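Spelled out from the first residue to the last, the chains are:
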Amino acid sequence: MKSLHSPRRTELLAAGAATITVLLWASAFVSIRSAGEAYAPGALALGRLLAGVLVLGVICLIRREGLPPRAAWPGIVVSGLLWFGLYMVVLNWGEQKVDAGTAALVVNVGPLIMALLAGWLLKEGLPPRLLAGMAVSFAGAAVVGLSMSGEGSASVLGVLLCLLAAVAYAGGVVAQKPALRHGSALQVTTFGCAIGAVACLPFAGQLVSDAADAPLSATLNMLYLGVFPTALAFTTWAFALARTTAGKMGATTYAVPALVVLMSWVALDEVPGWITLVGGLVCLAGVAVSRSRPRTAAAVEEVGPAAAAGPVAAAPETSPEPQREEA
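Keep in mind the model is a prediction, meaning the values are calculated, not measured. (Residues numbered from 1 in each chain as written. Predicted model: local features only at pLDDT ≥ 70, side-chain atom pairs only at ≥ 80, totals over all residues. Heavy atoms only, no water.)

Q: So what's going on with the overall build of the protein? Which residues, and what values?
A: For the protein, the helix and strand inventory stands at 15 helices and 0 strands. Restricting to contacts in the protein with at least 6 residues of sequence separation, those with at least 24 account for 91%. (Helix = DSSP H or I, 4+ residues; strand = E, 2+ residues; numbered from the N terminus. Contact = heavy atoms within 4.5 Å.)

Q: How would you summarise the side chain of Asn-92 if you had to cite specific residues and measurements?
A: Tracing the backbone shows Asn-92 in helix H3 (residues 73-94). Since its relative accessible area comes to 10%, Asn-92 is described here as buried. Side-chain polar atoms of Asn-92 contact the backbone oxygen of Pro-41, separated by 3.2 Å. If sequence neighbours within four positions are ignored, Asn-92 has contacts with Ile-32, Pro-41, Leu-44 and Ala-45. (Buried < 20%, exposed > 50% of the residue type's maximum accessible area, 1.4 Å probe, protein only. Polar contact = N/O pair within 3.5 Å; in protein donor to acceptor, adjacent residues only side chain to side chain.)

Q: Any chance you could break down the packing of aromatic side chains for me, citing the residues and the numbers?
A: Overall, the coordinates contain 11 aromatic pairs when judged by the stated rule. Put simply, the rings of Trp-25, Trp-83, Phe-84, Tyr-87, Tyr-169, Phe-234 and Trp-237 touch in pairs and so form one group of aromatic residues. We note Arg-243 situated over the ring of Phe-239; from NZ or CZ to the ring centre the distance is 3.7 Å. (Phe/Tyr/Trp six-rings, centres within 6.5 Å; stacked < 30°, edge-to-face > 60°. Lys NZ or Arg CZ within 6 Å of the ring centre and 35° of its normal.)

Q: Pulling in residues and values, what's your account of the pattern of salt bridges?
A: Going through the model one piece at a time under the given rule, you end up with 1 salt bridge. The closest approach of N and O atoms between Arg-63 and Glu-65, which form a salt bridge, is 3.2 Å. Exposure remark for Arg-63: the relative accessible area of 45% places this residue in the partly exposed category. (Salt bridge = Lys/Arg side-chain N within 4 Å of Asp/Glu carboxyl O.)

Q: Can you explain the confidence of the model for the protein? Please cite residues and give values.
A: With 77% of its residues at a pLDDT of at least 70, the protein reaches an overall mean of 80. Confidence drops under pLDDT 50 across residues 297-327; counting only partners more than four residues distant or on other chains, this segment forms 22 contacts. (pLDDT = per-residue confidence, 0-100.)

Q: Can you explain the packing of helix H8 (residues 185-199) against helix H10 (residues 216-241)? Please cite residues and give values.
A: Their axes nearest at 8 Å, the elements H8 and H10 cross at an angle of 135°. With respect to H10, the element H8 is oriented oblique. Crossing of H8 against H10: the hand is right-handed. Side by side, H8 and H10 meet where Ala-185, Leu-186, Thr-189 and Cys-193 of the first sit next to Thr-230, Ala-231, Phe-234, Thr-235, Ala-238 and Phe-239 of the second. Looking at the contact of H8 with H10 residue by residue, the class counts come to 7 nonpolar, 3 polar and no charged. (Axes fitted to C-alpha atoms, helices over the stretch in contact; angles between N-to-C directions. Parallel < 35°, antiparallel > 145°, perpendicular 65-115°, else oblique. Left-handed = near helix turned anticlockwise from the far one by under 90°. Nonpolar A, V, L, I, M, F, W, Y, C, P; charged D, E, K, R; others polar.)

Q: Tell me about helix H5 (residues 110-121), residues and numbers included.
A: When the terminal C-alpha atoms of H5 are compared, their 16 Å separation across 12 residues agrees well with the 16 Å that a helix rising 1.5 Å per residue should span. Buried residues of H5: Gly-110, Pro-111, Met-114, Ala-115 and Ala-118, and no others. For H5, the buried positions fall inside an angular range of 135° around the axis, keeping them on one side. Residues Leu-116 and Trp-120 are exposed on H5 and point more than 90 degrees away from its buried face. Just past H5, the residue Lys-123 takes up positive phi, approximately 60°. (Expected span 1.5 Å × (residues − 1). Arc of directions from axis to C-beta.)

Q: Let's hear about the nonpolar core: which residues, and what values?
A: The biggest cluster of nonpolar side chains holds 64 residues, and the ones touching the most others in it are Tyr-39, Trp-83, Tyr-87, Val-173 and Trp-237. With 10 residues, H10 is the largest single contributor of residues to this core. Not counting residues within four places of it along the chain, the set of residues in contact with Trp-237 comprises Thr-21, Trp-25, Trp-83, Tyr-169, Val-173, Gln-176, Met-249, Gly-250 and Thr-253. (Core = buried A, V, L, I, M, F, W, Y, C linked by side-chain atoms within 4.5 Å.)

Following this line, the structure appears as structure tokens:
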């Protein structure tokens, strides 16, 4: 009888959660355009985080999650400050200084930095397929970014801010991974989001001022950002990250540029050029390569480790180490 927590089932659950994350993060770019016209970078980040904390807090109370274990707090604090706090503020700020294409190009350095940090700090290694897929995806992201640049302007400050956002994003994810060994995805996301909101409290006065003058559509977009791309997507991200490597998760986010192009086409009636579409397809191809497994590994999983190893390994089987279930 197969275990309910077989590696294949775990992989499928992680892939499904990652897909939800990528779709919602792609939709965030469309909402940020509307909300960003009425809200300053810090105010938008704080409003988004407060909405996310409210939703996540209610879910935690319903599920009776409680506080994360002490061992999870270092990773939660670092990821909260870097990813939920610094990343959101400097990205919003940077996108006001550079055109969308340049911002997308620079920020997409993040997954590459993430893979390098994870290989070094988390000892995940740098599998050739992962590196090859990320290289292909980054090339696609570069094509999308350059094709979207148009006649926009790019300041040195804006490029530096986007680069800082990429580094903060990568560092936050690498810090979050160890925390997920001790706390649940919901706990790590909720308290990381709360720490990011606390770090952004200096923008509270600006948030109140902007909210008084902002049109309803901008405020609704800000709330949408908090509930879905933050509360839901960051939780599904943490769920998937706990079940795979940080490098693979970073490579998966290269699907975002392709989805942003399609969503902007549908929601904003921004018809992409053929070069942009080709770049998007290259991004997706790179993701497929990075997520693929060597044929030998796939064959071993199909026939089972004992059969693949031959008669010598067909002796008494050992029970797989149980995986920690989410609370």
